[in-house]
Each structure stands twice: as structure tokens, then as C-alpha cells.
Amino acid sequence: MPTHVHEQRDNPWLELPDEVVPVDLEALPADFDLAVALGGDGTLLRASRWVADLDVPVLGINLGDLGFLSAYGREQIVEALADALAGRLSWEPRQRMQVEVLRRGERFGSESA
């Protein structure tokens, strides 16, 4: 779990098991095989951005109501993890965009998505 979220573990709205460990997103280890995004489409997209340069696949598990991008819903968490561990998931690489905003010929901002 990202360090900035893990630091909020004492808030009543965030119930975390003791086994959850914080991870510095600026120094992700390069030796993991799968990222699991628990949340909605925004969470899945954010997790994808965090691991994009590592070529690590992201398994989305939707905890909300819609979740167009996630392959599994909240009631399928155990099934999703079992499928991942058994190698039954297919990896579909996605393209990323780099956007730059120029103002009067000078770079005003940029974003990778």
C-alpha cells in the first residue's frame, strides 16, 4: 500500500490488517510480478501509472458500483487471486500517452497517462 495511504491507518474509515506494509511509490522494487488495485477505475488507472515503467501487470478488483476497467468485482477477490497465482490471467498491454502543454513556446506542464 502506498506510504501516504498507510499513514492514515488510524482513521476509522480505513481498516487495515496488521500485515499491510507501506511502499514508497518513488522507490518501488523491481522484483514483483503483479500489482493488485483494490478500488474503482481511478484506482486501477493510478496503480497502472505507478508500475508502468516496470512492465508489471495490474489486476483490478472493483470495490465500487460500476468499475468498467476491472475484470473482477468485490465478491470475486479470492477467485481473482487464485486465477493470478494459477497463471490463468491474460495480460493485455496498453499504450500510454505523454502530453505536454506549451505556452508561448515554453513548456508549461506535462503528464504521462
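Above this note sits the structure.
Conventions adopted
- Residues numbered from 1 in each chain as written.
- Predicted model: local features only at pLDDT ≥ 70, side-chain atom pairs only at ≥ 80, totals over all residues.
- Heavy atoms only, no water.
- Helix = DSSP H or I, 4+ residues; strand = E, 2+ residues; numbered from the N terminus.
- Contact = heavy atoms within 4.5 Å.
- Pairing = 2+ DSSP bridges.
- Axes fitted to C-alpha atoms, helices over the stretch in contact; angles between N-to-C directions.
- Salt bridge = Lys/Arg side-chain N within 4 Å of Asp/Glu carboxyl O.
- Buried < 20%, exposed > 50% of the residue type's maximum accessible area, 1.4 Å probe, protein only.

Let us look at the side chain of His6. As for its placement among the helices and strands, His6 is situated in helix α1 (residues 3-6). In this view, His6 contacts Met1, Leu16, Val20, Val21 and Pro22; residues no more than four positions away in its chain are not counted.

Attention now moves to the sheet that holds strand β3 (residues 72-73). Read from one edge of the open sheet, three strands run β1-β2-β3, paired in parallel fashion. Edge positions in the sheet fall to β1 (35-39) and β3, since each of these pairs with one other strand and no more. In terms of strand pairing, β1 meets strand β2 (residues 58-62) through five bridges, oriented parallel. Directly across from Leu38, in β2, lies its bridge partner Ile61. Together, β1 and β2 form the strand contacts of helix α2 (residues 41-51), whose direction differs from that of β1 by roughly 155°.

A complete count under the given rule lists two salt bridges for this structure. The residue Asp83 makes a salt bridge to Arg88 at a minimum N-O spacing of 2.8 Å. Among the residues examined, Arg88 registers a relative accessible area of 53% and is labelled exposed. Residues Arg107 and Glu100 are paired through a salt bridge, measuring 4.0 Å at the closest nitrogen-oxygen approach. Assessed through its relative accessible area of 55%, Arg107 is described here as exposed. On the basis of relative accessible area, Glu100 is assigned to the partly exposed category, the value being 48%.

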